[in-house]
Amino acid sequence: MKDNYTRTNQEDLKEITKLCDLSLDIETNCHINIQETQSGDEDVGDIFYRFVILHAEDDVEEAVRVQDILQNDFCIKPGIVFAEMASGKHLLENLNDALRSSAWTIILLTENFLNELWYEFQSYTALFSALTIPNKQNTVIPMRPRNNPLPWERTPFILQSIRALHEDSPGFAEQVKKIFQEGKYKQQKAVWEYRKKNGEVSKQLDW
Amino acid sequence: MKDNYTRTNQEDLKEITKLCDLSLDIETNCHINIQETQSGDEDVGDIFYRFVILHAEDDVEEAVRVQDILQNDFCIKPGIVFAEMASGKHLLENLNDALRSSAWTIILLTENFLNELWYEFQSYTALFSALTIPNKQNTVIPMRPRNNPLPWERTPFILQSIRALHEDSPGFAEQVKKIFQEGKYKQQKAVWEYRKKNGEVSKQLDW
Amino acid sequence: MKDNYTRTNQEDLKEITKLCDLSLDIETNCHINIQETQSGDEDVGDIFYRFVILHAEDDVEEAVRVQDILQNDFCIKPGIVFAEMASGKHLLENLNDALRSSAWTIILLTENFLNELWYEFQSYTALFSALTIPNKQNTVIPMRPRNNPLPWERTPFILQSIRALHEDSPGFAEQVKKIFQEGKYKQQKAVWEYRKKNGEVSKQLDW
Amino acid sequence: MKDNYTRTNQEDLKEITKLCDLSLDIETNCHINIQETQSGDEDVGDIFYRFVILHAEDDVEEAVRVQDILQNDFCIKPGIVFAEMASGKHLLENLNDALRSSAWTIILLTENFLNELWYEFQSYTALFSALTIPNKQNTVIPMRPRNNPLPWERTPFILQSIRALHEDSPGFAEQVKKIFQEGKYKQQKAVWEYRKKNGEVSKQLDW
Amino acid sequence: MKDNYTRTNQEDLKEITKLCDLSLDIETNCHINIQETQSGDEDVGDIFYRFVILHAEDDVEEAVRVQDILQNDFCIKPGIVFAEMASGKHLLENLNDALRSSAWTIILLTENFLNELWYEFQSYTALFSALTIPNKQNTVIPMRPRNNPLPWERTPFILQSIRALHEDSPGFAEQVKKIFQEGKYKQQKAVWEYRKKNGEVSKQLDW
């Protein structure tokens, strides 16, 4: 049965890769557009990401691996890992930015997640944003990656009750497609752009 | 007697396969339609399923096997197993979605069903929806699959009183055909579409 | 019939008041014990509550009114309302604490309950704890208070299927007595004390 | 209802005042001990405070008023407001000292809080210390004072998700008692003393 | 995994070098403009730098190495290290000039950083300028260079909470591009020029 799953999974990936190829033109154009935007007066960092991955300090490489899978195998881009958020900012400001400037927040649940209260705080704050900010509903995705996943039993209770994404589950590819929907992304991006345009002055007030 | 049953059963399957072939055009078109819908602004997850399978955590593979049988042998699609409901949502919201966005609810009765109160709650809530929500009448189907079925004697009393579907019963194919009727599906889908169109604003209020 | 109910209701309250008087010694001792505990090294907040009331932000006063009724008319104490959970903690940590350190969770169903997704999340998480954590079975009580109650029709479906407590129902006093049973309280308190003693180190792991 | 709350609140205060009187001997002794310590060779500033109040520059008076309430009405002393931190030190060193030499940090949330990025930085740094430094967990208390409080809607998102203390809330007295627990204070003070004794040389390294 | 990162990193650098070549005309023009400005009566030091590197006395060579990387590999120029600030001025005036006449301030975090309180003071003052002076927001970048980096654990607490730049991190090139944005540079330069023109008289008063 497992083999069967794996095969299905890989077939899924093949299909996706084909889709990736088909959408290459669009993607390439997209890339160029981003480059153009960047070459102008606007900030390089001024990107509305499809996803941000929150992770323990020791999980940077695992987070980057997941980022690569989502970006390269599933064409979900651009994404960012928390460790690569803007330098020179307070880490809590980084967290604020992470939630503000991305459509989905992935919480990497590994054994390291339990090392620091700070990671739990990140996940709680992300979850709270999804519960209180319009359009952010259901945008926080706990994810158990392939390496060193945190078992359900040891996951903090509040996170236990949220449906997590399992990299090793046979339905992984299907789930990923369900989560990162274009419509939801565009909707959130429009809100973000509107706020950027109008909110520069009242920067600290809005969300 | 058993042989006779089995033969009947297999003949049934042959007939069904023919029906499947006949309906291939429709199905293919259907698939394309879904793809088109998905490529647009709408959500990939925005599907009204023919069935959802509620199951114990340890029964994911068994649930997927049953899903495959219903989808491939009986052309009843699309279906979904509970484990593949949208990530990033509360599990109780998943349950709500499962009941809202499918025409029939299958409760997989295995020995594992007794492991957690949570599975019993799922089945009770599904049953309650069939008893209180218009058009959902008789849409919850307890099912004993081939592997590790929960004997009637150990089934919670409330579920004992509902006629269950037995995969190993000779009348299985016949029963399946009786349950998943096109008219009932269309009727429920129409209600679902109506609610989706009108209920976006009063989202939290309705069913 | 209504008058008859009301009379019964008031007679119930008289009886309860008598019981309250009778149990005064115990209660007083109890109070003293708590005071002693507080004067020592232990936290003032380290109380295992009989109940916590989850409520919408605009329902603090209604929640406090219900708390007073339960504490003063029914001698069920100590209880706490969510708004009075420990300051300086993340609101989701407050929710976790609320479920961990109380025997029963009351969900105040008023019209305001629908204002924020956050309240629905609270109720779902409470309910999920009752379904997955040993000894918490049947400890979540949706309650429609006298003022501004949320009608059944507009209650989220999952909560519709749980028997709610109605303050204005003639059987209210009877129901309250049935819910808050000493045996169940002691059982949960013992678990809580055991965990407090042993779980200090593995704080984030247990539940 | 409000009047009722206020009355309860004032009754609480009366009770507390009585407790203050009763504990006068202890408090006085405590005060004397501190005086003795101060009269020696050590720095006057070498006190481990119960609380420090971080505030906007324009809120000094409001901060002092809150300090007086905590010290005089609730016997929580000694406390200090940020404006009274040691002169001749860099303001960021003051901030460091404020967090190091007090058990609890109160962030005064008024309209003025939004005037300077510097206040937000203070609150973020305080919060971060509570998330990363052992024993500082849950020691940062956002507080909305009676005068000119910053409404929740305009509070920076990260701080919105932390349970704040409201001076005008009926549960204020109860909350204050819950926060400033003797056990937690002694624990932190012991750590501070240990570090002072051992850490003088490696001053910049520890926390 | 590390090797993989390094490769990616080096590929990034190659790309960047190409970009450097492409932008040579612009850069050269830019350089000429700067030269012209410098050839007049004005001070040679009258340049608005892209960055200044604050560093311990023993880290001059390391600071120059980092300066070279930023200038030559990333085309971020002109930059200056603190040791090369104008002679004949008080070191604190040098610090003032460093912050006034550069867009970004890099704090070189090495083991030597802890040798003198003076370095900590520099970093605090730089950080404070970013928190209180308009347009300087997020312009102070703590950086751990390849050689002799100061580990996070021994970094002063206030600086711990600011996202640092790590030369050896795989995302280094990406981060550098995000930080030194043309728009932010031009904005600050305009302010600097405006002040130079108008502020000569009230030179010591304003910022």
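First, a word on scope: everything that follows refers to the structure included in this document. None of these values were measured; they are calculated from a predicted model. (Residues numbered from 1 in each chain as written. Chains lettered and ligands numbered in written order. Predicted model: local features only at pLDDT ≥ 70, side-chain atom pairs only at ≥ 80, totals over all residues. Heavy atoms only, no water.)

A word on the sheet that holds strand β1 (residues 49–54) of chain D. Residues and elements named next belong to chain D. Taken in spatial order, the five strands line up as β2-β1-β3-β4-β5 in an open sheet, and their pairing is parallel. One side of each edge strand has no neighbouring strand; the edge strands of this open sheet are β2 (79–81) and β5 (165–166). Across two bridges, strand β4 (residues 140–144) lies against β5 in parallel orientation. Opposite R144, over in β5, you have H166 as the bridge partner. (Pairing = 2+ DSSP bridges. Helix = DSSP H or I, 4+ residues; strand = E, 2+ residues; numbered from the N terminus.)

Residues and elements named next belong to chain A. Inspection of the secondary structure assignment puts T155 in the loop between β4 (140–144) and α6 (157–160). For T155, the side chain forms a polar contact with the side chain of R144, separated by 2.9 Å. Here T155 is in contact with L109, R144, L150 and Q160, once residues within four sequence places are set aside. (Polar contact = N/O pair within 3.5 Å; in protein donor to acceptor, adjacent residues only side chain to side chain. Contact = heavy atoms within 4.5 Å.)

What follows is about the interface of chain D and chain E. Listed as interface residues are 19 residues of chain D and, on the opposing side, 21 residues of chain E. Between chain D and chain E, roughly 1800 Å² of surface is buried when both sides are summed, and carbon and sulfur atoms account for 73% of that area. Put simply, chain D and chain E have zero salt bridges between them. Counting every contact that joins chain D to chain E gives two residue pairs in polar contact (both at pLDDT 80 or more). Broken down by secondary-structure element, the contributors of at least two residues to the side of chain D that touches chain E are α4 (91–100) and α5 (117–132) of chain D. Taken together, the residues that form the side of chain D that touches chain E break down as 11 nonpolar, six polar and two charged. (Buried area = accessible area lost by both parts, 1.4 Å probe. Salt bridge = Lys/Arg side-chain N within 4 Å of Asp/Glu carboxyl O. Nonpolar A, V, L, I, M, F, W, Y, C, P; charged D, E, K, R; others polar.)

Another point: helix α3 (residues 60–73) of chain B. In an α-helix, one full turn covers 3.6 residues, which means residues spaced three or four apart are oriented alike. Residues and elements named next belong to chain B. In a regular helix each residue adds 1.5 Å, so 14 residues correspond to 20 Å; α3 covers 19 Å between its end C-alpha atoms and thus fits that length. Burial analysis of α3 places 10 of its 14 residues in the buried class, which makes it a mostly covered element. Taken as a whole, α3 has its buried residues at V60, E62, A63, V64, R65, V66, Q67, I69, L70 and Q71. The first or second residue beyond α3 is C75, which carries a positive phi of 55 degrees. (Expected span 1.5 Å × (residues − 1). Buried < 20%, exposed > 50% of the residue type's maximum accessible area, 1.4 Å probe, protein only.)

It is worth spelling out the packing of helix α4 (residues 91–100) of chain B against helix α5 (residues 117–132) of chain C at this point. Helix-helix packing is described using two parameters, namely the angle between the two axes and the distance between the axes. It is the contact of α4(B) with α5(C), at a shortest axis distance of 8 Å, that shows an interaxial angle of 100 degrees. On the basis of the axis angle, α4(B) is roughly perpendicular to α5(C). Note on element contacts: α5(C) touches α4(B) through Y124(C), L127(C) and F128(C), opposite L91(B), L92(B), E93(B) and N96(B). (Axes fitted to C-alpha atoms, helices over the stretch in contact; angles between N-to-C directions. Parallel < 35°, antiparallel > 145°, perpendicular 65-115°, else oblique.)

On the chain A side, the residues contacting the 23 residues of chain B number 23 residues. The three residues of chain B that bury the most area against chain A are E61(B), S87(B) and G88(B), which together make up 30% of that side's buried surface. The tally of links between chain B and chain A comes to zero salt bridges. Along the contact surface separating chain B from chain A lie 10 residue pairs in polar contact (both at pLDDT 80 or more). For the side of chain B that touches chain A, the secondary-structure elements that each account for two or more residues are α3 and α4 of chain B. Ranked by residue count, the leading element in the side of chain B that touches chain A is α3(B), at four residues. Counted by class, the side of chain B that touches chain A contains 10 nonpolar, five polar and eight charged residues.

A few words now on the sheet that holds strand β1 (residues 49–54) of chain C. Backbone-to-backbone hydrogen bonds pair the strands of a sheet. The strands run either parallel or antiparallel. Residues and elements named next belong to chain C. One open sheet accounts for five strands, arranged β2-β1-β3-β4-β5; its pairing is parallel. The open sheet has two free edges, formed respectively by β2 (79–81) and β5 (165–166), since each of these has just one partner strand. Of the strands in this sheet, β1 and β3 (102–108) are in contact with helix α8 (residues 182–198), which crosses β3 at around 115 degrees.

For the rest of this paragraph, the subject is the nonpolar core. Grouped together as the largest cluster of nonpolar side chains are 152 residues, with contacts concentrated most on W118(A), W118(B) and W118(C). Once you skip the residues sitting within four places of it in the chain, W118(A) turns out to touch F82(A), L91(A), L92(A), L95(A), F128(D), L131(D) and T132(D). F74(B), V81(B), A103(B) and I179(B) belong to the second largest nonpolar core, which has 26 residues in total. (Core = buried A, V, L, I, M, F, W, Y, C linked by side-chain atoms within 4.5 Å.)

Once that is clear, we can look at the pairing of strand β1 (residues 49–54) of chain E. All names here are of chain E. Counting buried positions along β1 gives six out of six residues, so the element sits mostly inside the fold. The pairing of β1 with strand β3 (residues 102–108) spans five bridges and is parallel. Within β3, the position partnered with L54 by the bridge is I107. As defined by bridge partners, β1 adjoins strand β2 (residues 79–81) across three bridges and the pair is classed as parallel. By the bridge assignment, V52 is partnered in β2 with I80. For the crossover from β1 across helix α3 (residues 60–73) to β2, the handedness is right-handed. (Right-handed = clockwise from strand over helix to strand, strands pointing away.)

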